[in-house]
Amino acid sequence: MSEFDIVDAAAIRDGRATDAYFERTEAALAAAGRNPRVVAEVTADQFPDGEFEVFAGLGDAVELLAGRDVDVDAIPEGRLFDGGPVMRIEGPYRAFARLETSLLGFLSHASGMATAALDCRVAAPDASVLSFGARHVHPAMTAAVERSALVGGFDGFSHVAAGELLGREASGTMPHALAICFGRGEQEAAWRAYDEGAPADAPRIALCDTYADEVDEVLRAVETLGDDLDGVRLDTTGSRRGDFRHIVREVQWELDVRGRGDVDVYVSGGLGPADLRALRDVVDGFGVGGYVSDADPVDFALDIVEVDGEPAAKRGKLSGAKAVYRTADGGHAVGLADRSGPDGAESLMEPVIRDGEVVDGDAADLSAAAERALADATAVGYGADD
């Protein structure tokens, strides 16, 4: 038994991280001597409705499906979708039946968080935005949270172990706990300790709202750290915050009047896209937590749409293998895969696995995914009405 309540990678890869009825389905098919060749599609909505979302989690999905007797086509990670399939799997059904639970989990959760991250990115396109949401999820989920935030356009994240896994360095400032450890009235000692203990290449960003008025603590931090101070962070709890925009403007004013307009101002604490839009012209950067890590998963389902070459689907689903397109005007279109798409449209589905072998390693590349998300957001006008 695991020391923690974690289903390990071996269980996911072996297909034991599944719903019981898939095991029973496999047993029933085996007993009947049946293993039809099927086409199955991962889909959230059947038809476009104007609500775009970001496709994420493809890397884990490819890792799960690679080496099995299947062909897989998918939208590259980071692209925006609005109806129709994001992934198509073709092969003997028993080759992947019990993987459905984990596959949908990988894609649903990551896509929901990446979409939430893009909401924030387009709300403050010129500001630095960091993910601070790891504390809201099970520790086993933290790398998925931080990776999804990056896919959605965030500049960095706070979780150390996730950074080690993703090959990215974690970012951070200082917590209220450090100031509290020194005690009320000893904020200067806390800032000096942080300055002396932080890595030489880490920006000196002082948290300035632990005990006193934000302006008061900011000015005291300036006096304490002088030219070594790179920025300040305001994380005042909502119950004590008041007019946060006014507070930030007052801080900026008092810094500027003292010739320290070079000190950046960062804010955090329960922020979402509306807050970022309201503050983006007076703030240099944001820390966003729960809005991304607590995002609702995209409600993906995996449905069989062909059996042994014949169209098939349950009630309420569309039979036949489908393709999806980005139209010339930035729209999303769904059509049958064996027919031509709209004139001038770009087909979004690409081969990623053939006969169990990965054929497109770039489809789930993290940096490329982030670039795709931002480019697609511009192409479809994502967030333009906000």
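This text follows the structure it describes.
Below is a summary of the structure that appears in this document. This one's a predicted model, so the numbers in the text were calculated from it and none came from an experiment. (Residues numbered from 1 in each chain as written. Predicted model: local features only at pLDDT ≥ 70, side-chain atom pairs only at ≥ 80, totals over all residues. Heavy atoms only, no water.)

Counting its regular elements, the protein contains 14 helices and 18 strands. Reported as C-alpha extents along the three principal axes, the dimensions of the protein are approximately 80 × 55 × 35 Å. Taking contacts inside the protein between residues at least 6 apart in sequence as the whole, the part at least 24 apart equals 69%. As presented, the protein carries roughly 18300 Å² of accessible surface, and 47% of it is formed by carbon and sulfur atoms. Separation of charge centres in the protein, based on 35 positive and 72 negative side chains, amounts to 4 Å. (Helix = DSSP H or I, 4+ residues; strand = E, 2+ residues; numbered from the N terminus. Contact = heavy atoms within 4.5 Å. Areas by Shrake-Rupley, 256 points an atom, 1.4 Å probe, with all protein chains shown as cover. Lys, Arg positive; Asp, Glu negative; His and termini not counted. Charge placed at Lys NZ, Arg CZ, Asp CG, Glu CD.)

Quick look at the sheet that holds strand S10 (residues 264–268) now. Spatial ordering of the open sheet is given by S7-S6-S11-S10-S9-S8, a layout of six strands whose pairing is parallel. Only two strands of the sheet have a single partner each, and these edge strands are strand S7 (156–157) and strand S8 (205–207). (Pairing = 2+ DSSP bridges.)

With that settled, the discussion passes to unusual backbone geometry. A positive phi is found at Asp308, a non-glycine position, where the angle reads about 50 degrees. Along the chain, Asp308 turns up in the loop between strand S12 (301–307) and strand S13 (310–311). A relative accessible area of 49% places Asp308 in the partly exposed class. A positive phi is found at Asp355, a non-glycine position, where the angle reads about 50 degrees. (Buried < 20%, exposed > 50% of the residue type's maximum accessible area, 1.4 Å probe, protein only.)

This part takes up the packing of helix H4 (residues 100–123) against helix H14 (residues 366–380). Two elements in contact, H4 and H14, have axes separated by 11 Å at closest approach and are oriented at 65 degrees. Considering only the axes of H4 and H14, their crossing is right-handed. When H4 is examined against H14, the residues Leu118, Arg121 and Val122 are found in contact with a partner set consisting of Ala373, Leu374 and Ala377. Within the contact of H4 with H14, the residues separate by chemical class into five nonpolar, no polar and one charged. (Axes fitted to C-alpha atoms, helices over the stretch in contact; angles between N-to-C directions. Left-handed = near helix turned anticlockwise from the far one by under 90°. Nonpolar A, V, L, I, M, F, W, Y, C, P; charged D, E, K, R; others polar.)

This paragraph deals with the sheet that holds S13. Taken together, seven strands build an open sheet; the order of strands is S13-S12-S1-S5-S3-S17-S18 and the sheet is antiparallel. Lying at the two open borders of the sheet, with one neighbouring strand each, are S13 and strand S18 (357–358). Bridge count between strand S3 (residues 71–74) and strand S5 (residues 85–92): four bridges; the pairing is antiparallel. Residue pairing for S5: Val72 is matched across the bridge by Ile89. Relative to the sheet, helix H3 (residues 58–65) contacts S3, S5, strand S17 (350–354) and S18, its axis offset from that of S5 by approximately 0 degrees. H4 rests against strand S1 (37–43), S5 and S12 of the sheet, and its axis sits at about 125 degrees to S12.

One pass over the structure, following the stated rule, counts 22 salt bridges. Here Asp195 and Arg204 are joined by a salt bridge, their closest N and O atoms 2.9 Å apart. One salt bridge connects Arg326 with Asp376, and the closest N-O pair in it is separated by 2.8 Å. Within this pair, whereas Arg326 is found in strand S14 (residues 322–326), its partner Asp376 is found in helix H14, the two being separated by 50 residues in sequence. Among the charged side chains, a salt-bridge network with shared partners connects Arg79, Arg326, Glu346 and Asp376. (Salt bridge = Lys/Arg side-chain N within 4 Å of Asp/Glu carboxyl O.)

A word on H14. The terminal C-alpha atoms of H14 lie 21 Å apart, and with 15 residues this matches the ideal 21 Å at 1.5 Å per residue to within 8%. All of the buried residues along H14 are Leu366, Ala368, Ala369, Ala370, Ala373, Asp376, Ala377 and Val380. If you check the start of H14, you find a side-chain oxygen 3.4 Å away from the backbone N of Ser367, and it comes from Asp365. Downstream of H14 by one or two residues, Gly381 has phi in the positive range, about 70 degrees. (Expected span 1.5 Å × (residues − 1). Polar contact = N/O pair within 3.5 Å; in protein donor to acceptor, adjacent residues only side chain to side chain.)

This next bit is on empty space enclosed by the protein. Following the criterion strictly, the structure yields one cavity of 30 Å³ or more and no others. If you go around the largest cavity, the residues you meet are Glu41, Thr43, Gln46, Asp303, Val305, Lys317, Leu318 and Lys322. A class-by-class count of the residues in the lining of the largest cavity yields two nonpolar, two polar and four charged. (1 Å grid on protein atoms, 1.4 Å probe; cavity = no way out; pocket = protein on both sides within 12 Å on 5 of 7 lines; lining within 4 Å. Points joined across faces, edges and corners; volume = space filled by probe spheres on them.)

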